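# Structural characterization, general
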Amino acid sequence: MPRTFHPNDRCRTSVALDELFNPITNALVGVKPLEARGNRPLQMDFEQQLKALVYFHLEEHTSGRALVQALKEDDFARDHIAPPEGISRSSFCEAVNSRGLEQLMHVYRQLQLQATDLLPAEHADLGELTAVDGSLIQAVLSMYWADYRDGSKKAKVHVGFDINRGIPSKIFLTDGKEGERPFVSMILSPGQTGVIDRGYQCHKSFDQWQSEDIHFVCRIKANTKKTCIRMNPVPAEGIVFYDAVVLLGAAGVNQTQKEVRVVGYRVDHVEYWVATDRFDLSAEQVALAYKLRWRVEKFFAWWKRHLKVYHLIARSEYGLMVQILSGLITYLLLAIYCHNHYGEKVSIERVRELRIRIDNELRGSSHEGLSASNFKEQESDASYAKT
């Protein structure tokens, strides 16, 4: 039987909050309930844990301690987010570091499918473009698993980003020293095009990806040796100055076995060399596809700044993955909400409007419960005016 998700069961007063959480209803179908370990009963079920984590990101909390304090002392958080009996800091930390990862991954995948079906695909003529990139997370020395270098601990998140729809796809978490190239095959599906930076240049990988029917648009070093097989015509005017089918690398050393197309173009006096197996695109389209890779950088910057994803509330590898997944789930919820209400992509302006709308609705609800002798009657839906 499908499960239903009611964020305000105790006091349903915020339409905006319901609208934000609404996509989770279908995403929860098939989710395995959390199970207590030992004789101690669960202090939070999965839905309560999910609400608390989304609230952490939505309200830009900077620590687990601040979140737990808000769940105790903030009227809205206590009445609408926290478990009915409340939650202690030790119980919250124990839950984040040991439970919910499987369930969060299920919800994330289901929301990602919902967003993919709902959001319009820009640049559909370029195919399914997925930027693949890694981002370091500053860790603390007690996070022994997050190897980086002596005296420094960092974790690394490897993300696939759907460029056409502006949403994350697949994700992996490793220590900071882990290489990034192997994750291209793990993130991309056959037929998709990975848009990647110079750090992913590997001639052996170029051959492997083509064998796996995985396409790529990868910036390469300008001094990479190229054995020209045939030149493609280049317009006299425009940013493109080179377009050829080549074998990359030195023969007998690191030369590609399969043909690769290389496009050279110049923007603002900076030359870019891009290798690809997309022979169906024009040179200008190849340049555009690589330019769009910048969107994953903007996503990381926005995600970290406005949803406080990298403010640690867990130090175990398990707990950090829980935190990262909850941040991605929050972003997907916001992406769906902004599209449904404004036909726009996620922006901090719309997120602020959502926070203000929730606050206004809750204030309006509290006023309704007070004596009419103290307040003039207002229309019951006055707080729900569209922005």
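The preceding data block contains the structure.
The structure presented is a predicted model; accordingly, all values stated were derived computationally and were not measured.

### What about the overall build of the protein chain?
- A tally of helices and strands in the protein chain yields 13 helices and ten strands.
- Judged by the C-alpha coordinates and their principal axes, the protein chain covers about 85 × 50 × 40 Å.
- Taking the intrachain contacts of the protein chain between residues at least 6 apart in sequence as the baseline, contacts between residues at least 24 apart amount to 60%.
- Accessible surface, the protein chain: about 18,900 Å² in total, of which carbon and sulfur atoms supply 49%.
- Mean positive and mean negative side-chain charge positions of the protein chain (48 and 49 charges, respectively) differ by 6 Å.

### Structural notes on the state of the cysteines
- Under the criterion given, the structure shown has zero disulfides.
- For the unlinked cysteine Cys 228, the closest cysteine sulfur is that of Cys 218, found at 19 Å.

### Focus on empty space enclosed by the protein
- Counted by the stated rule, this structure contains one cavity of 30 Å³ or more.
- Estimates place the volume of the largest cavity at around 40 Å³.
- Every residue lining the largest cavity is listed: Leu 17, Leu 20, Phe 21, Val 54, Tyr 55, Leu 58, Phe 76 and Ile 81.
- Mapped onto the lining of the largest cavity, the elements with two or more residues apiece are helix H1 (15-21) and helix H3 (46-58).
- For the lining of the largest cavity, the residue count by class is eight nonpolar, no polar and no charged.

### A closer look at the nonpolar core
- Judged by nonpolar contacts, the single largest core of 98 residues is most densely connected at Phe 92, Trp 303 and Ile 324.
- No other element matches the 16 residues that helix H12 (residues 317-342) contributes to this core.
- If we ignore the near neighbours within four places in the chain, the residues touching Phe 92 are Met 44, Ala 52, Leu 53, Leu 67, Val 68, Ile 87 and Ile 313.
- Trp 209, Ile 214, Ala 244 and Ala 275 belong to the second largest nonpolar core, which has 21 residues in total.

### As for the packing of aromatic side chains
- Applying the stated criterion to the full structure yields 17 aromatic pairs.
- Ring geometry for Phe 299 and Trp 303: centres 5.3 Å apart, planes at 20 degrees, overall stacked. With Phe 299 and Trp 303 both in helix H11 (residues 294-307) and four residues apart, this pair spans about one turn of that helix.
- Classification of Trp 303 as buried rests on a relative accessible area of 0%.
- These aromatic residues form a ring-pair network of at least three members: Phe 161, Phe 299, Phe 300, Trp 302, Trp 303, Tyr 310 and Tyr 331.
- Here the basic side chain of Lys 226 rests over the ring of Trp 273, its NZ or CZ set 4.5 Å away from the ring centre.
- Of note, Arg 350 hangs over the ring of Tyr 342, and the distance from its end group to the ring centre comes to 3.8 Å.

### Quick word on the packing of helix H7 (residues 101-118) against H12
- Closest axis-to-axis distance for the H7/H12 pair is 9 Å, and the angle between their directions is 25 degrees. Taken as axis vectors, H7 and H12 run roughly parallel relative to one another. In this structure, H7 crosses over H12, and the sense of that crossing is left-handed. Between H7, through Leu 101, Leu 104, Met 105, Val 107, Tyr 108, Leu 111, Gln 112, Gln 114, Ala 115 and Leu 118, and H12, the contact on the second element is made entirely by Tyr 318, Met 321, Val 322, Leu 325, Leu 328, Ile 329, Leu 332, Leu 333, Ile 336, His 339 and Asn 340.
- The residue makeup of the contact of H7 with H12, split by class, is 17 nonpolar, four polar and no charged.

### A look at H11
- Between its terminal C-alpha atoms H11 stretches 20 Å, which fits the 20 Å expected from 14 residues at 1.5 Å a residue.
- Turning to H11, its buried residues are Val 296, Phe 299, Phe 300, Trp 302, Trp 303, His 306 and Leu 307.
- Backbone geometry just downstream of H11 places Lys 308 in the positive-phi region, at approximately 50 degrees.

### Comments concerning the pairing of strand S6 (residues 215-219)
- The element S6 is extensively covered by neighbouring structure, given that four of its five residues are classed as buried.
- Relative to S6, strand S5 (residues 193-196) runs parallel, the two sharing four bridges. Paired with Gly 194 across the strands is Phe 216, a residue of S6.
- The sheet contact formed by S6 and strand S10 (residues 270-276) spans three bridges and is antiparallel. Opposite Arg 219, over in S10, you have Val 274 as the bridge partner.

### Regarding the pattern of salt bridges
- With the rule as written, the count across this model stands at 21 salt bridges.
- Its salt-bridge partner being Asp 75, residue Arg 78 comes within 2.6 Å of it at the nearest N-O pair. Pair noted here: Arg 78 and Asp 75 are both in helix H5 (residues 75-80), with a separation of three residues, about one helical turn.
- Look at Arg 78 and you get partly exposed, because its relative accessible area is 32%.
- For Arg 261, the salt bridge identified is with Asp 243, shortest N-O distance 3.0 Å. Taken together, the residues span a long stretch of sequence, with Arg 261 in strand S9 (residues 260-267) and Asp 243 in strand S8 (residues 240-248) at a distance of 18 residues. For the pair shown, Arg 261 and Asp 243 are each scored as buried.

Parameters and conventions
- Residues numbered from 1 in each chain as written.
- Predicted model: local features only at pLDDT ≥ 70, side-chain atom pairs only at ≥ 80, totals over all residues.
- Heavy atoms only, no water.
- Helix = DSSP H or I, 4+ residues; strand = E, 2+ residues; numbered from the N terminus.
- Contact = heavy atoms within 4.5 Å.
- Areas by Shrake-Rupley, 256 points an atom, 1.4 Å probe, with all protein chains shown as cover.
- Lys, Arg positive; Asp, Glu negative; His and termini not counted.
- Charge placed at Lys NZ, Arg CZ, Asp CG, Glu CD.
- Disulfide = S-S within 2.5 Å.
- 1 Å grid on protein atoms, 1.4 Å probe; cavity = no way out; pocket = protein on both sides within 12 Å on 5 of 7 lines; lining within 4 Å.
- Points joined across faces, edges and corners; volume = space filled by probe spheres on them.
- Nonpolar A, V, L, I, M, F, W, Y, C, P; charged D, E, K, R; others polar.
- Core = buried A, V, L, I, M, F, W, Y, C linked by side-chain atoms within 4.5 Å.
- Buried < 20%, exposed > 50% of the residue type's maximum accessible area, 1.4 Å probe, protein only.
- Phe/Tyr/Trp six-rings, centres within 6.5 Å; stacked < 30°, edge-to-face > 60°.
- Lys NZ or Arg CZ within 6 Å of the ring centre and 35° of its normal.
- Axes fitted to C-alpha atoms, helices over the stretch in contact; angles between N-to-C directions.
- Parallel < 35°, antiparallel > 145°, perpendicular 65-115°, else oblique.
- Left-handed = near helix turned anticlockwise from the far one by under 90°.
- Expected span 1.5 Å × (residues − 1).
- Pairing = 2+ DSSP bridges.
- Salt bridge = Lys/Arg side-chain N within 4 Å of Asp/Glu carboxyl O.

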